[in-house]
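# Reading the structure
For reference, the chains in residue letters:
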Amino acid sequence: MRVMCVHAHFDDYEFTCAGTFELLKRRHGDALRARVVVCTDGAAGHHFRTRAETAAMRLREQEESARRGGYEFRQLRYPDGSIPREACLAVSTPLLAALWREIRDFAPDYLFCPPVAAGPLAGIHVDHETVGQAVRRVAYMVNVPHAFTPEYPADETRSQRCPVPVIINAYDHYLKGDLRHDLAVDIDAAFDRVAELSYCHRSQIEEWLPWVSSPIPFVAPTDLADWSRLLRARLLGHLGRSGLPAERVFELFCVTSWGAVPTTARLLADLPGVDAAASNLEALRRRLGERHPTDATGQVRRP
Ligand SMILES: [Zn+2]
């Protein structure tokens, strides 16, 4: 099993997918390969550190999270070797080419990325929105081996197939007014790990987020135990506003048809911790064109 998270910023993985990846790691052990790709340089998000200092600090924080979390981390580079700038990521041929190569190199079974806003009234973060749009645009090209050989020259007479992964959208709180989910993964068992990994991002949770956040104030933690308590309360608050039972911590996902289209049964078999009651499985089944409903274990219930 290979899973990949492609997201905009250092720390987005920890706040959207880390619990689910940890559950997968516990199920598969060394048979799981997990890779996180961060698509921007991390230079912009601070108020008293210079851009260069912030970028270097955030890179070190992500490397520490990867070491503790046991996942592979890569920073996206354009074909010319430069790193995309935070705060102004745009869908461009170099971005599509870079993502194409990352996805083909790793050949994930599942790719997690941010969603694309469905309506003009939804809020967005420009970098999240761009990564979502870019993954969507490049998805079909993953198995088109000559799509970006101008950027990455290869022997065009010998091509390798690369199966397109199942592409799943992570939850994105920036989409205020346009939040939705198909799958709710109960990550309570992995919550301590999520707290530990997100606590690596000190320049964010102790400095930047308390300065920038509104209207819900972001309280700076004093230590890991304090952070764990604050993070749980914050996540439960988000879930409560999304109509979910605010007792257990979930990560929420939408299943796209951008790449391979899975069955609900395959999703339930492959992804641990999906809580059927907190998910919207019937709507998902209808959207995936399934004729027969499946029960919570993924077994088809024939009429
Ligand atoms: Zn982000």
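Above this text sits the structure in question.
Let me sum up the structure you'll find in this document. The model shown is predicted, which means the values in this text are computed figures rather than measured ones.

So, how was this worked out
Residues numbered from 1 in each chain as written. Predicted model: local features only at pLDDT ≥ 70, side-chain atom pairs only at ≥ 80, totals over all residues. Heavy atoms only, no water. Buried < 20%, exposed > 50% of the residue type's maximum accessible area, 1.4 Å probe, protein only. Helix = DSSP H or I, 4+ residues; strand = E, 2+ residues; numbered from the N terminus. Pairing = 2+ DSSP bridges. Phe/Tyr/Trp six-rings, centres within 6.5 Å; stacked < 30°, edge-to-face > 60°. Lys NZ or Arg CZ within 6 Å of the ring centre and 35° of its normal. Donors = N, O, S within 2.8 Å, 3.2 Å for Na, K, Ca; no water. Tetrahedral: all angles 85-135°; square planar, octahedral: opposite > 155°, others 65-115°. 1 Å grid on protein atoms, 1.4 Å probe; cavity = no way out; pocket = protein on both sides within 12 Å on 5 of 7 lines; lining within 4 Å. Points joined across faces, edges and corners; volume = space filled by probe spheres on them. Nonpolar A, V, L, I, M, F, W, Y, C, P; charged D, E, K, R; others polar.

### Quick word on the pairing of strand β7 (residues 250-255)
The buried fraction of β7 is high, at 6 of 6 residues. On β7, burial covers both faces: Phe250, Leu252 and Cys254 on one face and Glu251, Phe253 and Val255 on the other are all buried. Note: strand β5 (residues 166-170) against β7, 3 bridges, orientation antiparallel. From the neighbouring strand, Asn169 faces β7, where its bridge partner is Cys254. Relative to β7, strand β6 (residues 183-186) runs antiparallel, the two being bridged by 4 bridges. Bridging across to β7, Ala184 finds its partner in Leu252.

### A few points about the packing of aromatic side chains
Tallied over the entire structure, the rule returns 10 aromatic pairs. Ring geometry for Tyr13 and Phe21: centres 5.3 Å apart, planes at 65°, overall edge-to-face. Neither Tyr13 nor Phe21 differs from the other in exposure class; each is buried. Arranged with centres 6.4 Å apart and planes meeting at 20°, the rings of Trp100 and Tyr152 form a pair that is stacked. You can see Trp100 sitting in helix α4 (residues 93-106) and its partner Tyr152 sitting in the loop between α5 (126-138) and β5, a full 52 residues away along the chain. Exposure remark for Trp100: the relative accessible area of 5% places this residue in the buried category. Under the relative-accessibility criterion, Tyr152 is labelled buried at 14%. Positioned above the aromatic ring of Tyr199 is the side chain of Arg202, whose terminal nitrogen or guanidinium carbon lies 3.9 Å from the ring centre.

### Structural notes on the coordination of the zinc ion
Note on the zinc ion: its protein donors are His9 (ND1), Asp12 (OD), Asp12 (OD) and His128 (NE2). The metal-donor distances range over 2.0 to 2.4 Å. Here the zinc ion binds 4 donor atoms, and the angle range of 57 to 137° at the metal identifies the geometry as irregular. Written as a sequence motif, the donor arrangement for the zinc ion is H-x2-D-x115-H. You can see Asp12 sitting in helix α1 (residues 12-16) and its partner His128 sitting in helix α5, a full 116 residues away along the chain.

### Overview of the environment of Pro245
Checked against the element boundaries, Pro245 lands in the loop between α8 (224-241) and β7. Separated by 32 residues in the primary sequence, Pro245 and Ala277 place their C-alpha atoms 9.9 Å from one another.

### A short note on empty space enclosed by the protein
Within the structure shown, the criterion is met by 2 cavities of 30 Å³ or more. Reported here for the largest cavity is a volume of approximately 170 Å³. Along the walls of the largest cavity sit 15 residues, with Phe15, His173, Leu235, Phe250 and Glu251 positioned nearest its centre. Only α1, α8 and β7 provide two or more residues apiece to the lining of the largest cavity. Top element by residues in the lining of the largest cavity is α8. It accounts for 4 residues. A per-class count over the lining of the largest cavity returns 10 nonpolar, 3 polar and 2 charged. The volume enclosed by the second largest cavity comes to roughly 60 Å³. What lines the second largest cavity is Tyr13, Ala18, Phe21, Glu22, Lys25, Leu32, Ala34, Gly69, Tyr71, Arg193 and Leu197. Contributions of two or more residues to the lining of the second largest cavity are made by α2 (18-28) and α6 (191-198). Looking at the lining of the second largest cavity element by element, the count peaks at 4 residues for α2.

Everything listed is a geometric property; what it means functionally is a separate question.
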